[in-house]
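Summary of the model geometry
The lines below spell out each chain.
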Amino acid sequence: MSDLEFEQKRTLSRVEAADQLEALAAALRRGGQAELDLGPGRLTVRIPEELRTEIEVELEDGEIDLEIELSWRPQQADRAADDD
């Protein structure tokens, strides 16, 4: 069981999906504290200098899943914010 979990599933146009990814990319470039607009609300997270990444592409039951996962420990983000 995780301490915090947020999951959002919704249908977006290709352009809306691109906008969401561009906003995430901009937050990653800035680092430090980032606000992510998640439709009904905003999520604020601290992003460190280094992240672990995983990209997975899967074809199953006639559907393609593309998953992009970014992970880090909260302590890393707190140290990065202190350096700003």
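Residue positions within a chain follow its written sequence, with the count starting from 1. Where local features are concerned, this predicted model is filtered to residues with pLDDT of at least 70; where side-chain atom pairs are given and counted, the filter is 80 or more; whole-chain, interface and lining totals use all residues. Each side-chain value is derived from all of the structure's non-hydrogen atoms; neither hydrogens nor water enter the calculation.

This part is about the overall build of the protein. For helices the rule is a DSSP run of H or I covering at least 4 residues; for strands it is a run of E covering at least 2, with both sets numbered from the N terminus onward. Counting secondary structure elements, the protein contains two helices and four strands. Moving toward the C terminus, one meets the helices and strands of the protein in the order α-β-β-β-β-α. The buried label applies to any residue whose accessible area, calculated with a 1.4 Å probe on protein chains only, is under 20% of its type's maximum; exposed applies above 50%, and partly exposed to all values in between. Looking at the protein as a whole, 13% of its 84 residues are labelled buried. Residue contacts follow a heavy-atom distance rule, with two residues in contact if any of their heavy atoms lie within 4.5 Å. Long-range pairs, those at least 24 residues apart, make up 31% of the contacts in the protein with a sequence separation of at least 6. Each accessible area is a Shrake-Rupley result for a 1.4 Å probe, and residues are judged covered by the shown protein chains and nothing else. For the protein, the exposed area adds up to about 7400 Å²; of that, 47% sits on carbon and sulfur atoms.

Turning to a nonpolar patch on the surface, a few remarks are in order. For patch detection, residues must exceed 30% relative accessible area and be free of salt bridges, and they are connected within 9 Å for like charges or within 5 Å for nonpolar side chains (Val, Leu, Ile, Met, Phe, Trp, Tyr). When a carboxyl oxygen of Asp or Glu lies within 4 Å of a side-chain nitrogen of Lys or Arg, that pair is called a salt bridge. Taken together, the side chains of L21, I55, V57, L59, I64, L66 and I68 define a hydrophobic patch exposed on the protein surface, amounting to about 810 Å² of accessible area. Elements with a minimum of two residues in the nonpolar patch: β3 (52-60) and β4 (63-71). Within the secondary structure layout, L66 lies in strand β4.

Here we come to unusual backbone geometry. Phi angles above zero are rare outside glycine, and D61 is one such case at about 55 degrees. Looking at where D61 falls in the secondary structure, it is placed in the loop between β3 and β4. By relative accessible area, D61 is classed as exposed at 76%.

A word on the pairing of β4. By definition, two strands form a pair when at least two bridges between them are found by DSSP. Across nine bridges, β3 lies against β4 in antiparallel orientation. The residue of β4 that forms the bridge with T53 is L70.

Geometry only, nothing functional implied.
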